[in-house]
Amino acid sequence: MSVIHRLPDLLVNQIAAGEVVERPASVLKEVLENAVDAGSRAIEVQLEQGGVRRIRVADDGCGIDRDDLALALERHATSKIATLDDLERVATMGFRGEALAAIAAVARTTITSRAAGASHAWRIDGSDRSLAPAALNNGTVVDVADLYFNTPARRKFLKSEGTEFAHCDEMFRRVALARPDLALQLSHNARVIHRLPPGTPLARVGALMGDDFVTHAREVEAESGALRLTGLASLPAYSRASRDAQYFFVNGRFVRDKLLTHAVRQAYADILHGARHPAYVLFLSIDPAGVDVNVHPAKIEVRFRDARAVHQFVFHALTRALAESGAAAAGTPAPGAAVDAEETAPAAQRPAFASPAYPPAAARQGQLAMEAASQAYYGFVGSARDTPATAPADRHMPATPPDDTQGPPLGFALGQLHGVYILAQNQAGLVLVDMHAAHERILYERLKTVLDGRPAVQRLLIPAVFGVGARDMAAAEEHGEVLAGMGFEIAPAGPQELAVRSVPALLANAPVAELVRSVLEELREFPASEVVTARRNELLATMACHGAVRANRQLTVAEMNALLREMEATERADQCNHGRPTWTQLSMQELDRFFMRGQ
Amino acid sequence: MLLLNTTRDALLAPLQSVAGIVEKRHTLPILSNVLIEKQGDTLTLLATDIEIQIRTATAGHQDGSDTAITVGARKLQDILRALPDSAAVSISLDDKRLTVKAGKSRFALQTLPAADYPRMNLPDGDVVRLTVAQRTFKRQLAQVAYSMAQQDIRYYLNGLLIIADGGELRMVATDGHRLAYAASTLDNAVAQRTEAILPRKTVLELSRQLADNDDPLEVVLAGNQVVFRFGAVELISKLIDGKFPDYERVIPQNHPNMITFDRLPLLAALQRAAILTTDKFRGVRLVLGDGSLKLISTNAEQEEAVEELEVDYHGAALDIGFNVTYLLDVLNNLSSEHVEWRFNDGNSSALITLPGNEQFKYVVMPMRI
């Protein structure tokens, strides 16, 4: 008697659904991505009860032919790829051809579609595959109702309506961030949540992430060969306590990739306090042949052909973008300034990463005013202590960043507060500087610049020998050159033992075995290790801290001005070595509001 | 109850030789105390940190009754030090408080019972005894002690290896980057080769306390302990239990090139060059050409120091870097007029010795700058 038999199709699809259709949000992802792949210009999403009751996605894309409708619900049927060659250079969001089949197996699914040029639309019912004529102007409507109606076990795993909706919303945001050129709308229980007109990437980011984020973020724009990184990365002052608000897109596809996360984390290592997380929206474009997206059913992880190059590119591009200190660019908000949408400089003033048009921010610009007032009395600074001019506020913003005639960004020193803070006056108002923290960062950056490049290496008289596992052994062999570049000369001393014959001179007194182990551990996972740089930087930070001016040291105005000018010239001057802000701005608006001036 | 009548100086000297090892911070309060024991006319002072114990015994204290008590070592020392030089001091014990009187000054100190004081017992087991002149031992320690590691996780490097082998006493210390070796001749050969690693603290304490004269120092090695007896002092220390690296293997035998330096001019030149080195790794380049040696250092600000010395050298040109601290250490701790410098190439170690003397060797690894 045969005990092995083929499973019925429905069961096969239900098994597949377990992987693809985890919750309403994954249904939304698949259907929404199909709509995007269909070349739509406008997509409307309607959810009911967090997507469990109904998910309806209507697009104006190319539509599906009557003859193809039945096939669309079959497993491994797709229009997106045809050959292995296509698979290797996937340009569409989906390609596996299993989503609709899986969804139809666990929910009441209907697809209504009118292919371009067809006389009328057709509707297919997922349960019995019956076709019927239907009315539709253009595009496709996918309607998924009663998710898991036939798999009650699965239904029990669903969370509350609010939670499921939040997941759907997150999924919608990912698509919306990736495709700012599409008009998108999301409604839940007949209430519109997002209505996004097509616009620039910046406008889209502002609409979805909030203007706070946009004003407190640095623009990233870098290109190297086939790699291109654009987007916005938050300044340390806008850091979060959790990892939400981190969006990384590879060729328009949202990914949560270990390698990329690591590269970003490293770029922030020097400026962000350890317990905080950055917020960012970054787009990496890369030759589709250089990345394998067929790693994970939900395609949330990718694999890069040249992981090392990608890692280094992302790391350096971000480091460069973040290095430019806010102190050097007037008009950007101070790192420690209160986060308040009404007060922060408008995004339109910043170099936009697509075009200057930015409707949401423009709508809010009416309230911003005081720049011009401060500008008016800025001219007095440096010459005399005239009474501050109280020129009436001009109701529009300077379109370009202030030029040199308006004085340096951090302004000129007024005096010292309790021997700890420097008070300075700049175009926007009052600048408060923590002089020790600022000086510390300046010295630290200077030390780092000097010591970058080939490290000094101390050879060991007695090699440090220690036992390692097979994985570390292999890592030591594979990354010999990288290790040598750091100053480690490592050779196997036995089947389970490594001998270290030289170490970086700066770390000559650190415990060798422990140091090398942590380097190898990182090299095993990621193509580059920052352990040595991090350790070295710790040392340099201590040196910088000891070298920096202490509180209660009286500084002359000339000395204070010199410090301000150095801050403007120093990279990452907005944070001290430990990630605390070095300066903050109290704008004239804030002061005026405090004293209820002109009210 | 009167304990003793004496002078400030007579009490301070022995107290200072035991109190040096008392640690400032403790979890065990009694360890910050010193044990004072009076028996007959002998006054014994004893201090310990569990690893090391120092005891001094002085005779001639007729007054007072026999007793034993412990009291805060540092406080007692500070009090005595602050008294006039030859003030008469009397110490008595009343109701668990130790009273120190000198002239019109009076101090009452709290005490802890002597019975609770931890003591190290004299070692038993296989015993090797040596006797050397204090001066010889002290000088030999000075020649190697600076090379000991400090808080290395290879704990056996945080000490000094002594080897008694036939008629020779050898000492070796290394921190993994450089190694110092010194030997001396024993008057009475030992029957059996013995090795021991002295802890860093013991070495420093001995260097501090040994006198610069020919009075004898008795060394007794037994089990995992060592006893040093000199003058009125008896120092018992635990030994580091570990395998010291094979020092003979790292001392190069066949370096082809050799230069003889006058020690003090070389030391002075290095000290000047060291001013412009980077704080944390202190690299100095030695550039050797025909008949001249240049010492070159640069620091983080790209400032540069160049020192030039005339040398009797006509071999191949060489450019080699060192941590200048390692060179200054050895030159500072030698007393000879000349030193010999042997080397091979820029990647291998350098060997520093004394002319016509096989008893001192210093090996240092280069630094690639």
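Residues numbered from 1 in each chain as written. Chains lettered and ligands numbered in written order. Predicted model: local features only at pLDDT ≥ 70, side-chain atom pairs only at ≥ 80, totals over all residues. Heavy atoms only, no water.

K.L.:
Teacher, can you tell me more about the overall build of chain B here?
P.N.:
Summing up its helical and strand segments, chain B has 7 helices and 25 strands in all. Looking at chain B alone, contacts between residues at least 24 apart form 67% of all its contacts between residues at least 6 apart. For chain B, the exposed area adds up to about 17,100 Å²; of that, 46% sits on carbon and sulfur atoms. (Helix = DSSP H or I, 4+ residues; strand = E, 2+ residues; numbered from the N terminus. Contact = heavy atoms within 4.5 Å. Areas by Shrake-Rupley, 256 points an atom, 1.4 Å probe, with all protein chains shown as cover.)

K.L.:
Could you clarify how one ought to interpret the confidence of the model for chain B in this entry?
P.N.:
Low-pLDDT portions of the prediction should not be read for the details of their coordinates. Summary statistics for chain B give a mean pLDDT of 91 and a share of 100% for residues scoring 70 or more. Two numbers describe this predicted complex: its pTM, 0.69, and its ipTM, 0.76. (pLDDT = per-residue confidence, 0-100.)

K.L.:
Teacher, can you tell me more about the environment of A:Ala166 here?
P.N.:
Residues and elements named next belong to chain A. Structurally, the position occupied by Ala166 is in helix 7 (residues 161–178). Given a relative accessible area of 42%, Ala166 falls into the partly exposed group. In the structure, Ala166 is positioned 116 residues away from Gly50 in sequence and 7.8 Å away in space, judged by C-alpha atoms. (Buried < 20%, exposed > 50% of the residue type's maximum accessible area, 1.4 Å probe, protein only.)

K.L.:
Just checking my understanding: could you explain the confidence of the model for chain A for this structure?
P.N.:
Residues and elements named next belong to chain A. Across chain A, the average pLDDT comes to 79, with 86% of residues at or above 70. In the model, residues 330–352 has pLDDT below 50 throughout and makes 56 contacts with residues more than four positions away in sequence or in other chains. Within the model, the stretch residues 354–404 combines pLDDT values under 50 with 70 contacts to residues more than four positions away or in other chains.

K.L.:
Sorry if this is basic, but what is going on with a nonpolar patch on the surface here?
P.N.:
The grouping of A:Leu7, A:Leu11 and A:Ile15 at the surface amounts to a nonpolar patch, some 260 Å² of accessible area in total. Positionally, A:Leu11 belongs in helix 1 (residues 9–20). (Patch = residues over 30% accessible without salt bridge, like charges linked within 9 Å, V, L, I, M, F, W, Y side chains within 5 Å. Salt bridge = Lys/Arg side-chain N within 4 Å of Asp/Glu carboxyl O.)

K.L.:
I would appreciate a short explanation of the pairing of strand 19 (residues 457–467) of chain A in the present structure.
P.N.:
Regular strands show a simple pattern: their side chains alternate between the two faces of the sheet. Residue and element names in this part refer to chain A. Of all 11 residues in strand 19, 8 are buried, a share of seventy percent or more. Here 7 bridges tie strand 19 to strand 21 (residues 497–504), and the two strands are oriented antiparallel to one another. Bridge pairing links Arg459 to Ser502 in strand 21. (Pairing = 2+ DSSP bridges.)

K.L.:
I'm lost on unusual backbone geometry in this one. Help?
P.N.:
Of all residues except glycine, most have a negative phi; of all peptide bonds, most are trans. Residues and elements named next belong to chain A. At Tyr148, a position not held by glycine, the phi torsion is positive, near 65°. By the element assignment, Tyr148 lies in the loop between strand 6 (139–145) and helix 6 (152–155). Tyr148 gets classed as buried once you look at its relative accessible area, which sits at 1%. At Ala190, a position not held by glycine, the phi torsion is positive, near 70°. Position of Ala190 among the secondary structure elements: in the loop between strand 7 (183–188) and strand 8 (191–196). Residue class for Ala190 comes out exposed when judged on its relative accessible area of 79%.

K.L.:
Looking at this model, I keep getting lost on the packing of helix 14 (residues 435–451) of chain A against helix 19 (residues 557–569) of chain A. Mind explaining?
P.N.:
Between two packed helices, what matters for the description is the angle formed by their axes and the separation of those axes. Residues and elements named next belong to chain A. Relative to each other, helix 14 and helix 19 sit at 50°, their axes nearing to 10 Å. In terms of orientation, helix 14 lies oblique with respect to helix 19. When the axes of helix 14 and helix 19 are compared, the crossing they make is left-handed. Between helix 14, through Met435, Ala438, His439, Ile442 and Arg446, and helix 19, the contact on the second element is made entirely by Leu563, Glu566 and Met567. In the contact of helix 14 with helix 19, the residues fall into 5 nonpolar, 1 polar and 2 charged. (Axes fitted to C-alpha atoms, helices over the stretch in contact; angles between N-to-C directions. Parallel < 35°, antiparallel > 145°, perpendicular 65-115°, else oblique. Left-handed = near helix turned anticlockwise from the far one by under 90°. Nonpolar A, V, L, I, M, F, W, Y, C, P; charged D, E, K, R; others polar.)

K.L.:
Would you mind going over the sheet that holds strand 9 (residues 217–224) of chain A with me for this structure?
P.N.:
Consider a sheet: its strands pair through backbone hydrogen bonds, and that pairing is either parallel or antiparallel. Residue and element names in this part refer to chain A. Read across the sheet, 5 strands follow the order 9-10-13-11-12 without closing on themselves; strand pairing throughout is mixed. One side of each edge strand has no neighbouring strand; the edge strands of this open sheet are strand 9 and strand 12 (253–255). For this sheet, the mean inter-axis angle between neighbouring strands, taken without regard to orientation, is 20°. Of the strand pairs in this sheet, strand 10 (residues 227–234) and strand 13 (residues 280–285) are connected by 6 bridges, and their pairing is antiparallel. Its bridge partner lying in strand 13, Arg228 is registered against Ser285. Across the sheet, helix 11 (residues 307–323) is in contact with strand 9, strand 10, strand 11 (246–250) and strand 13; its angle to strand 9 comes to roughly 140°.

K.L.:
Whenever I open this one, the pairing of strand 10 of chain A confuses me. Can you help?
P.N.:
All names here are of chain A. Counting buried residues in strand 10 gives 7 out of 8 residues, a clear majority hidden from the surface. Two strands pair when backbone bridges link them, and strand 9 and strand 10 are joined in this way by 8 bridges, in the antiparallel orientation. Its bridge partner lying in strand 10, Glu219 is registered against Leu232. A loop of 2 residues connects strand 9 with strand 10, the two strands running antiparallel in sequence, and Gly225 in this loop sits at a positive phi of about 60°.

K.L.:
Is there a simple way to think about the pattern of salt bridges in this case?
P.N.:
Side chains that differ in charge, positive against negative, can pair when their charged atoms come close. The tally for this structure, following the rule as stated, stands at 45 salt bridges over all chains. The closest approach of N and O atoms between A:Asp146 and A:Arg108, which form a salt bridge, is 3.1 Å. Remark: A:Arg108 occurs in strand 3 (residues 108–114) and A:Asp146 occurs in the loop between strand 6 and helix 6; sequence separation between them is 38 residues. Judged by relative accessible area, which is 19%, A:Asp146 ranks as buried. A residue is classified by how much of its surface remains accessible, and A:Arg108, at 45% relative accessible area, is partly exposed. In this structure, B:Glu358 and B:Lys361 form a salt bridge, with 3.9 Å as the shortest nitrogen-oxygen distance. Salt bridges linked by common partners bring A:Arg441, A:Glu445, A:Lys448, A:Glu571 and A:Arg572 together as one network.

K.L.:
Even after reading the chapter, I still don't get the sheet that holds strand 18 (residues 429–434) of chain A, so can you show me in this structure?
P.N.:
Residues and elements named next belong to chain A. Spatial strand order, 16-17-18-22: 4 strands in an open sheet with antiparallel pairing. Two strands close off the open sheet at either side, each with one partner strand: strand 16 (412–417) and strand 22 (583–587). Averaged over all pairs of adjacent strands, the angle between strand axes in this sheet comes to 25°, irrespective of strand direction. Examined bridge by bridge, strand 16 and strand 17 (residues 421–425) share 5 bridges and lie antiparallel to one another. By the bridge assignment for strand 17, Gln416 is matched with Ile422. Packing of helix 14 onto the sheet brings it into contact with strand 16, strand 17 and strand 18, and relative to strand 18 it is tilted by some 70°. Across the sheet, helix 19 touches strand 16, strand 17, strand 18 and strand 22, and the angle it forms with strand 16 is around 115°.

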